[in-house]
Amino acid sequence: MIRPLGCLRLNNGPIALPGSPTQAESYPFPVILEGVPGAWTENVTRGDRSVRDAYVESARRMEARGCAAVVTTCGFTSLFQADMAAAVSIPVASSSLLLVPFIRGLLPEGARIGILTYDATRLTDAHMEAAGWSPKEVAIAVDGAQGTESWEQMAEEQPELTVEMMNRDVGAAAERLIAKHPDIRALLFECTIFPIASDHVRARTGLPVYDYLTLARLTHEAAEAQNTATSTAARAAAE
Amino acid sequence: MTTESPLLGVMQLQNTPVTVPGSMGHADSYDAPVVFRRVPGAWTSNVVGEGRELVPAYIETARALEAEGCTALVTNCGFTARFQKDVAAAVAIPVAMSSLLMVPWAASLLPPGKKLGIVTYDSNQLTEVHFNGAGWSRKTMPVEIVGIEGSESWHRMADPDTKLDRAMVERDVLAATRGMLAAHPEISSIVLECSAFPLAGDAVRRETGLPTVHFVTMANMLIRSAAPSPRAARAAAE
């Protein structure tokens, strides 16, 4: 019996596309998705701290429901990382921004991490520091989807996105950022909806892309099952 | 040559690789096809230490695997963390020499006052040079470290013809982990350093109830995130 991943979601309507954080099929293990009262794209990405207690309560509820670990569908909730982590005894990974020190460790000297976010005008040093690192110590460059059709849709109560739209808008942002900073050697997607475009951006830029699903899988694997391949091999060996 | 599908390269020691299911030497441990390659001159005995004479051999092996179409690289000895920056600078594809690279991530998830426990092949030989290679320092990281030195697995791994099984590794890693947790009950997450320890990953997680990551966890994260056709190869082809 594999314990599920608890996913604290914004209340914006689900997005039925491959790689979407609100699609159970995006996870190779069971997932419980639950809306956090009062949390929407618009207020959470604007740094609204009034939803902090709601996130903490939702994390507790996920633990009570038997989840192995907790993630959220908005990377801007790194602001609540410490509060949620302190409130439960299962691992909490609020934001793919938490992966930045790992990615920096992989890169050679002089290389930069390109961060693509939902809205670069709203991602602040506070979001990064709450994820355990400082932009003063890590070479990064940030751009986002702000102003694009995808950006408009993601803020809608019922987002109407397509794979083509996401590939176009996230791909263009990636190319723009890389053109400006040729020393970028890895991309990190803050936004949990961007994994819809991850494979496209990997193929288009030739760079590794670390995203919300990277974090969700890593955190669940740490807390619960091995990766599928290993579990399969172990099962085969046991039979 | 370029590739359009993921291919993981594993740079192995000259010691006979452990190939039981779930180990780093078993192809089914990975989410992608894998190529194994021995690094000339690299043995447990000389990788665990502080000399830099093996850097050129790791770089040459990494470049050869990249030329053969690998899209990401790992090693099978976490002590090669000290070569991380050298090898990463020599190829365009992502390289992860050691699961010690996951320490900053695992530490960032810790609640206040908690610590990370690292279980290594030999705690007497794992030093700041390895941590720095993996991008962090013990001075600023809330970690406790324990090793399996003196155990049967430890002796076997130093043997050029390494013979290990899951039960032996589980026994020795669990014994070390229990000792560490008894001395440091504030530990709430575990990183297994040694590339043989994925064999004990499930047992450690089950017995301690703590989140546990290891080399196979990282290798799969790396290969899933890598581009199907790396940038340098694309640039060369265009």
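Rules used throughout
Residues numbered from 1 in each chain as written. Chains lettered and ligands numbered in written order. Predicted model: local features only at pLDDT ≥ 70, side-chain atom pairs only at ≥ 80, totals over all residues. Heavy atoms only, no water. Buried < 20%, exposed > 50% of the residue type's maximum accessible area, 1.4 Å probe, protein only. Helix = DSSP H or I, 4+ residues; strand = E, 2+ residues; numbered from the N terminus. Arc of directions from axis to C-beta. Contact = heavy atoms within 4.5 Å. Buried area = accessible area lost by both parts, 1.4 Å probe. Salt bridge = Lys/Arg side-chain N within 4 Å of Asp/Glu carboxyl O. Polar contact = N/O pair within 3.5 Å; in protein donor to acceptor, adjacent residues only side chain to side chain. Domains from an automatic or database assignment. Nonpolar A, V, L, I, M, F, W, Y, C, P; charged D, E, K, R; others polar.

Caption draft 1: Inspection of helix H8 (residues 198-205) of chain A at higher detail. All names here are of chain A. Taken together, the buried positions of H8 are Ser 198, Val 201, Arg 202 and Thr 205. Looking straight down H8, one finds its buried side chains confined to an arc of 105°; they lie on one side. Directly beyond the C-terminal end of H8, a positive phi value near 75° is found at Gly 206.

Caption draft 2: Structural view of the interface of chain A and chain B. Of the residues lining the interface, 47 residues belong to chain A; the matching set on chain B comes to 49 residues. Carbon and sulfur atoms make up 59% of the surface buried where chain A meets chain B, a total of about 3700 Å² over both sides. Put simply, chain A and chain B have two salt bridges between them. Here Asp31(B) ties to Arg217(A) by a salt bridge, and the two come within 3.5 Å at their closest N and O atoms. The interface formed by chain A and chain B contains 13 residue pairs in polar contact (both at pLDDT 80 or more).

Caption draft 3: Geometry of the domain arrangement of chain B. Residue and element names in this part refer to chain B. When the domains of chain B are assigned, the result is domain 1 (8-98 + 218-237) and domain 2 (99-214). Just the C-alpha atoms count here: the centres of domain 1 and domain 2 sit 20 Å apart. The interface is formed by 25 residues belonging to domain 1 together with 27 residues belonging to domain 2. For the pairing of domain 1 and domain 2, the buried interface totals around 2000 Å² over both sides, and the portion due to carbon and sulfur atoms is 61%. The largest contributions to the domain 1 side of the interface with domain 2 come from Phe 79, Ser 98 and Met 218, which together make up 25% of the buried area. Counting across the interface, domain 1 meets domain 2 through zero salt bridges. Inspection of the domain 1/domain 2 interface yields ten residue pairs in polar contact (both at pLDDT 80 or more). In terms of residue class, the side of domain 1 that touches domain 2 is built from 13 nonpolar, ten polar and two charged.

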